[in-house]
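A closer look at the structure
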Amino acid sequence: MAAEEFLKALRYIHELNITTVGRRSGKRISLPVWFVNEDRKVYLLPVKGSDTNWYRNVLANPSMELAAGDKRLTVVARPLSDKKSVEKVVELFKRKYGESSIKRYYSKLDVCIEIEV
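As the structure is a prediction and not an experimental result, all values here were calculated from the model.

Once that is clear, we can look at the sheet that holds strand S6 (residues 71–80). Across the sheet, which stays open at both edges, the 7 strands sit in the order S2-S1-S5-S6-S7-S4-S3 with antiparallel pairing between neighbours. Because the sheet does not close on itself, it has two edges, and the strands there are strand S2 (28–34) and strand S3 (36–38). Each strand of the sheet is rotated relative to its neighbour by a mean of 35°, with strand direction disregarded. In this structure, S3 lies alongside strand S4 (residues 41–44), joined through 3 bridges in antiparallel fashion. Across the sheet, the residue bridging to Glu38 is Lys41, located in S4. Packed onto the sheet, helix H3 (residues 83–97) meets S2, S3, S4, S6 and strand S7 (112–116) and runs at close to 110° relative to S3.

Below, the structure is given as C-alpha cells:
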C-alpha cells in the first residue's frame, strides 16, 4: 500500500527528494531532483551525468530513499547507461520539463536511474 500512496503523491509534485549514502563519508545526503514516472517506475536523470556525486553514491550503494511530500519510500536504484534507455528517459524529461530546461540544466546525458516502485 505504501507504494501506491507514493505513486499517487508523485502526481502533485514537480520534484522529489532523494537520500543516498555518501560513498566516502557514509553519511546520508538528501537533495531535491527532477523526476519522471511511467507506470510503476520512477526515472532520475543526474544533471552532470556520470560525474554527478549522488549518482556515484548510488553506484556504490543502490539503496536510497525517495520522498514525495510526506510520503517516503526506500527503494533500490538501477543505474542505466545504455544509449537507448538514456535517450528514452531524456525524452520523457523533455516532455515534462521542456527541452530548453533540459539543455540549460543538464550538461551530460550519459546515464540515468530506473527505480521500480
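A few words now on the packing of aromatic side chains. The final tally for this structure, using the stated rule, is 5 aromatic pairs. On the numbers, 6.1 Å between centres and 40° between planes, the contact of Trp34 with Tyr106 is tilted. Taken together, the positions of Trp34 in strand S2 and Tyr106 in the loop between helix H4 (99–105) and S7 put the pair 72 residues apart, joining distant regions of the chain. The exposure classification of Trp34 matches that of Tyr106, with both residues buried. Relative to Tyr106, the ring of Phe93 has its centre 6.0 Å away and its plane inclined at 75°; by these criteria the two rings are edge-to-face. Of the two residues, Phe93 sits in helix H3 while Tyr106 sits in the loop between H4 and S7, which places them 13 residues apart along the sequence. Overall, Phe93 belongs to the buried group, its relative accessible area being 0%.

What follows is about unusual backbone geometry. You will see that Asp39, though not glycine, has its phi angle at about 60°, which is positive. Relative to the helices and strands, Asp39 resides in the loop between S3 and S4. On the basis of relative accessibility, which here comes to 70%, the residue Asp39 falls in the exposed class.

Rules behind the numbers
Residues numbered from 1 in each chain as written. Predicted model: local features only at pLDDT ≥ 70, side-chain atom pairs only at ≥ 80, totals over all residues. Heavy atoms only, no water. Pairing = 2+ DSSP bridges. Helix = DSSP H or I, 4+ residues; strand = E, 2+ residues; numbered from the N terminus. Axes fitted to C-alpha atoms, helices over the stretch in contact; angles between N-to-C directions. Contact = heavy atoms within 4.5 Å. Phe/Tyr/Trp six-rings, centres within 6.5 Å; stacked < 30°, edge-to-face > 60°. Buried < 20%, exposed > 50% of the residue type's maximum accessible area, 1.4 Å probe, protein only.

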